[in-house]
Structure formats: structure tokens, C-alpha cells
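Chain by chain, the residues:
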Amino acid sequence: MPSNLKKINTEIETFKKESTSLIENGVKAAGPRARKSTLGLEKLLKEFRKVSIEDAKK
């Protein structure tokens, strides 16, 4: 699970960077990159939820 947390944090940082670039600097190419990172986050968070539920059952 620790490696999953590292991946989640990395993806969050990517989203922050790209969304800031889009909103504050007006870099339109950052929009698709920010949206892509949200899809990655969704997958990672689902995996985290699955693993944490399995651990709670033990």
C-alpha cells in the first residue's frame, strides 16, 4: 500500500501543476494533461479503496 500512496501523491502533484498552469497561466495544453491525471487518480484511488477494505477485514 505505501507504493500506491506514493503514486497517488505524485498524480496529485501533477494535477496541481497542470491545473495551475491552465488556470493561472492560460496554457491551454495543460487542460488535457490535468484531465488525464484525474483519470489516473481515479484508478489509483479505487485500488487504494480495494486494498484498504481487504486489510480491514483481516
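Higher on the page you've got the structure.
Residues numbered from 1 in each chain as written. Predicted model: local features only at pLDDT ≥ 70, side-chain atom pairs only at ≥ 80, totals over all residues. Heavy atoms only, no water.

## Considering the environment of K28
We count it as follows: Under the scheme used here, helices are H or I runs from DSSP no shorter than 4 residues and strands are E runs no shorter than 2 residues, and both carry numbers assigned from the N terminus. Residue burial is assigned from relative accessible area. The probe radius is 1.4 Å, only protein chains are included, and a residue is buried under 20% of its type maximum, exposed over 50%, and partly exposed in between.
With respect to the helices and strands, the residue K28 is situated in the loop between α1 (2-25) and α2 (30-57). A residue is classified by how much of its surface remains accessible, and K28, at 73% relative accessible area, is exposed. Spatially, the C-alpha atom of K28 lies 21 Å from that of L41, the residues being 13 residues apart in sequence.

## A word on the pattern of salt bridges
Inclusion rule: Salt bridge, as applied in this entry: a Lys or Arg side-chain nitrogen positioned within 4 Å of an Asp or Glu carboxyl oxygen.
Taken as a whole and judged by the stated rule, the model has 5 salt bridges. Put simply, K17 and E18 hold a salt bridge, and the shortest N to O gap is 3.8 Å. With a relative accessible area of 55%, K17 lands in the exposed category. A salt bridge links K46 to E42; the nearest nitrogen and oxygen atoms lie 3.7 Å apart. On the criterion of helical spacing, the pair formed by K46 and E42 is a turn pair, its members being 4 residues apart in helix α2.

In short, shape yes, function no, at least from these values alone.
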